[in-house]
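# Descriptive structure summary
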Amino acid sequence: MSVPLEIRLDRSSPLPLYYQLAAAIEQAIHEGSLNPGDRVENEVALAERLNLSRPTTRRAMQELVDKGLVVRKRGVGTQVVQAPLHRQVELTSLYDDLMRAGKKPGTTMLEYRPHPADAEVARELNLQPGDEVVLIRRLRTSDSEPIALMSNYLPAEIAPPEEELAARGLYEVLRVRGVHIRIARQRIGAQAASRDEAALLEEKTGSPLLTMQRTAFDDAGRAVEFGKHLYRANRYSFETTLVGR
């Protein structure tokens, strides 16, 4: 059954009615009145109950779909999905951010192997090409839903054992081992999902993905990690604060 909501619309407001309706439902999702898996009242019922036109309720629902808050399923209706994670651009790990957001992070180890550093990895980690590094490739989930593909390269001498990464984030494991990350250089971009990436992230091939590359340095200024991450664009966003000069 769909979850009924108490929705108040201000018809004297300059804000369009579809925007007010979408905002009310979005607020209910963020406040927990609507939980993941709950069905949202259908467009026809909303239009009749709130005395709105069907195009108005349809556009409101489309706004929520575009934000990744709900999904339309044939035979089921409109259903709430996991709320997207908004991440401040800070020197933290995704695992730590998910924990702070009240989510349950999960890890699937896709690859863990030592290999010689190629030119790009050697440049980022201030190594010589051919020096040994460890590639750690993982799928990160949030409340059992795929959210990111992470590839991290570490100098072999500081790479933690594979088993230590099953239930903890990389930065936490490094801290326990005496490696304290103090500063990082980061680049954020976008790309289309390949077939393999889309399958792992439960997206369609060609779907937009956020990209993040980060090189992290410890207390002594030594490069200790080079990461290349892919995030589902409809489930994840980066947030920054800008200051005028």
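For the structure itself, look to the data block above.
Note that the structure is a prediction, hence the values are computed from the model and not measured.

## Concerning the pairing of strand β8 (residues 145-155)
Counting buried positions along β8 yields eleven of eleven residues, so the element is predominantly enclosed. Relative to β8, strand β7 (residues 132-142) runs antiparallel, the two sharing ten bridges. Looking across to β8, one finds that Arg138 is bridged to Met150. Looking at chain direction, β8 and strand β11 (residues 223-232) are connected through six bridges and run antiparallel. In the strand pairing of β11, Leu149 is matched with Leu230.

## Examining the nonpolar core
Judged by nonpolar contacts, the single largest core of 20 residues is most densely connected at Ile7, Leu21, Ile25 and Leu34. Counting only elements with at least two residues in this core, the list comes to α1 (17-31), α2 (43-50) and α3 (54-66). Per element, the largest residue contribution to this core is six residues, and it comes from α1. If we skip the residues at most four places from it in the chain, Leu21 touches Ile7, Leu9, Leu50, Leu52, Thr57 and Ala60. If you look at the next biggest cluster of nonpolar residues, it comprises 14 residues, including Val134, Ile136, Val173 and Val224.

## Regarding the packing of α1 against α3
Look at α1 against α3: their axes get within 8 Å of each other, and the N-to-C directions meet at 45 degrees. The angle between α1 and α3 places the two elements in the oblique class. The two elements α1 and α3 cross, and the hand of that crossing is right-handed. Packed against α1, whose contacting residues are Leu17, Tyr18, Leu21, Ala22, Ile25 and Glu26, the element α3 presents Thr56, Thr57, Arg59, Ala60, Met61, Glu63 and Leu64 at the interface.

## Focus: the environment of Ala148
By the secondary structure assignment, Ala148 is in strand β8. Under the relative-accessibility criterion, Ala148 is labelled buried at 0%. Residues Ala148 and Tyr236 lie 88 residues apart in sequence; the distance between their C-alpha atoms is 8.9 Å.

## Here's the deal with unusual backbone geometry
Of note, Asp143 is a non-glycine position whose phi angle comes to about 50 degrees, a positive value. Under the relative-accessibility criterion, Asp143 is labelled partly exposed at 28%. You will see that Ser144, though not glycine, has its phi angle at about 75 degrees, which is positive. Within the secondary structure layout, Ser144 lies in the loop between β7 and β8. Looking at Ser144, the relative accessible area reads 70%, which means it is exposed.

## Remarks on the side chain of Gln20
Mapped onto the fold, Gln20 is located in helix α1. Ignoring sequence-local partners within four residues, the contact set of Gln20 consists of Leu9, Asp10, Ser13 and Leu15.

## A word on α1
For the α-helix, the turn length of 3.6 residues means that residues three or four positions removed from each other point alike. Here α1 is 15 residues long and its end C-alpha atoms lie 21 Å apart, about the 21 Å a rise of 1.5 Å per residue gives. In this structure, the buried side of α1 is in contact with β2 (39-40), α2, α3, β3 (70-73) and β4 (77-80). After α1 finishes, the residue Gly32 shows a positive phi value of roughly 90 degrees.

## A closer look at the packing of aromatic side chains
Each pair of aromatic rings is reported with the distance of its centres and the angle of its planes. According to the stated counting rule, one finds one aromatic pair in the structure shown. Both rings, one in Tyr153 and one in Phe226, keep their centres 6.0 Å apart while their planes meet at 25 degrees; by these two values the pair is stacked. Remark: Phe226 occurs in strand β11 and Tyr153 occurs in strand β8; sequence separation between them is 73 residues. Note on Tyr153: relative accessible area 13%, which makes it buried. Under the relative-accessibility criterion, Phe226 is labelled buried at 0%. Between Arg59 and the ring centre of Tyr18, over which it is positioned, the NZ or CZ distance is 3.9 Å.

Definitions and limits used
Residues numbered from 1 in each chain as written. Predicted model: local features only at pLDDT ≥ 70, side-chain atom pairs only at ≥ 80, totals over all residues. Heavy atoms only, no water. Buried < 20%, exposed > 50% of the residue type's maximum accessible area, 1.4 Å probe, protein only. Helix = DSSP H or I, 4+ residues; strand = E, 2+ residues; numbered from the N terminus. Pairing = 2+ DSSP bridges. Core = buried A, V, L, I, M, F, W, Y, C linked by side-chain atoms within 4.5 Å. Contact = heavy atoms within 4.5 Å. Axes fitted to C-alpha atoms, helices over the stretch in contact; angles between N-to-C directions. Parallel < 35°, antiparallel > 145°, perpendicular 65-115°, else oblique. Left-handed = near helix turned anticlockwise from the far one by under 90°. Expected span 1.5 Å × (residues − 1). Phe/Tyr/Trp six-rings, centres within 6.5 Å; stacked < 30°, edge-to-face > 60°. Lys NZ or Arg CZ within 6 Å of the ring centre and 35° of its normal.

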